[in-house]
Amino acid sequence: MRKLLTIAVAGAMIAACTTTKTEPEPTVAQQLKTRLDSLMQKGIMFGHQDDPFYGLTWGYDKDSSDVKNVCGDYPAIMGFELGGIEMGDAKSLDSVPFTRITEEVINQYKRGGIITISWHPRNPVTTIDGGGLAGQKFPEGTAWDVTDSTVVKKILPGGEYHEKFQTWMQRLSDFLATLKTEDGTKVPIIFRPWHENSGSWFWWGEKLCTVEEYKALWNMLQDKLQADGFDNLVWSYSPGMQDNLTAERLLDRYPGDDRVDMLGLDGYQWNAGEGQQFIERGKQNLTVLCQVAKEHNLIPALTECGLKNVTDSTWWTSTLLPTVDGFPISYLLVWRNYKDEWFGPSPSKPDAQSFRDFYNDEKTLFLKEIAE
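Residues numbered from 1 in each chain as written. Predicted model: local features only at pLDDT ≥ 70, side-chain atom pairs only at ≥ 80, totals over all residues. Heavy atoms only, no water.

*Asks:* Before we move on, could you go through unusual backbone geometry and cite the residues and values that matter?
*Replies:* With a phi angle near 60°, tyrosine 60 is a residue other than glycine that sits in the positive phi range. Positive phi values are uncommon outside glycine, yet lysine 339 reaches one of about 45°. You can see lysine 339 is positioned in the loop between β9 (337–338) and β10 (341–342). (Helix = DSSP H or I, 4+ residues; strand = E, 2+ residues; numbered from the N terminus.)

Spelled out as structure tokens, the structure:
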């Protein structure tokens, strides 16, 4: 009997040791990354900032979109901005109610689309406590206020404005917690903080903090949001396009492979006659971007682009398509359409047909193609 018992126990131990471990369920962010990798094999997704809120001839119409009004389809990706949430404001820096942002983020998710979010917090040193700006003239007190070159240092641990910025990060966290469906499902988000850091027009820019301070800023925000349970954020590191970009330059302030999921670039064409320069610069930058992204197992993207006021009626097919053609990037996103400064298409503008041709190109992906 003892021998039989010993054999039985040994058999149970062997069975326990050979049982296959159950793999943990992938996080919401991991699921989004897998989807982005898969979609990148099909083509380049088109994105538009603030797409469902307003256009050149309308504002806050239900289910409207300049992109949809031109080509009959929504963008695959919609961009949203949270500047102002840190102040407890009701509206973003672009005057969009935060309640409406929550609504449209969820709408885009339910349609099968993808969401990317940026955050341009005000300058915590020059902004008056309790709300309001230090002055009325732009850019005093805004993200573009670079009058104090030590803002980042002052909000890091030990800095005199650290506690204040802790409150600002908590308000951001509280808002991000609203981005979930009725059944509590978290919306997957591409989160793109502290972008265009290779320039110096934001208070977190290159000439306004050291490499170590910038990385500490990134880590402070990321650690806060991860501690708050946000496993639905795909983190995008997105400096600006540069002349003769190198891998070393691109990674100058890179927070590390353990902290970044997506590698992007922001780059614009500002004048109609500069299309060829935009193409040449874009191709050179995207070559470096895609190579570095491959080496670091990151998802590459053109996280902001556009021609101001689309002053070239064929720009979508004569300039933008040739720039991105042949590059394995996840998406490109043009900035918003607003009054006297716009970057997307509109039915009322001469570039509408070029955009329809862009839409019909096999390389571009819009909502219907990714929601299938």
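Additional details are given in the paragraphs that follow.
*Asks:* Give a detailed account of the pattern of salt bridges, specifying residues and quantitative values.
*Replies:* Scanning the entire structure with this criterion turns up 17 salt bridges. Here arginine 192 and glutamate 304 are joined by a salt bridge, their closest N and O atoms 3.0 Å apart. Note that arginine 192 is positioned in strand β4 (residues 189–193) and glutamate 304 in strand β7 (residues 299–307), a separation of 112 residues in sequence. Owing to a relative accessible area of 3%, arginine 192 belongs among the buried residues under this scheme. For glutamate 304, a relative accessible area of 4% gives the class buried. Residue arginine 249 pairs with aspartate 252 through a salt bridge whose shortest N-O separation is 3.8 Å. On the basis of relative accessibility, which here comes to 31%, the residue aspartate 252 falls in the partly exposed class. (Salt bridge = Lys/Arg side-chain N within 4 Å of Asp/Glu carboxyl O. Buried < 20%, exposed > 50% of the residue type's maximum accessible area, 1.4 Å probe, protein only.)

*Asks:* Can you lay out the side chain of asparagine 337 for me, pointing to particular residues and giving the numbers?
*Replies:* Within the secondary structure, asparagine 337 is located in strand β9. In terms of polar contacts, asparagine 337 uses its side chain to reach the backbone carbonyl oxygen of proline 345, at 2.9 Å. In contact with asparagine 337, not counting residues within four places along its chain, are His48, Tyr54, Gly55, Leu56, Asp66, Trp342, Phe343, Gly344, Pro345 and Ser346. (Polar contact = N/O pair within 3.5 Å; in protein donor to acceptor, adjacent residues only side chain to side chain. Contact = heavy atoms within 4.5 Å.)

*Asks:* Got a sec to walk through the pairing of strand β3 (residues 114–119)? Specific residues and values, please.
*Replies:* Where burial is concerned, most of β3 is hidden: six out of the six residues are buried. Residues Ile114, Thr116 and Ser118 of β3 are buried on one face, and the alternating residues Ile115, Ile117 and Trp119, pointing to the opposite face, are buried as well. The pairing of β3 with β4 spans five bridges and is classified as parallel. Within β4, the position partnered with isoleucine 115 by the bridge is isoleucine 189. (Pairing = 2+ DSSP bridges.)

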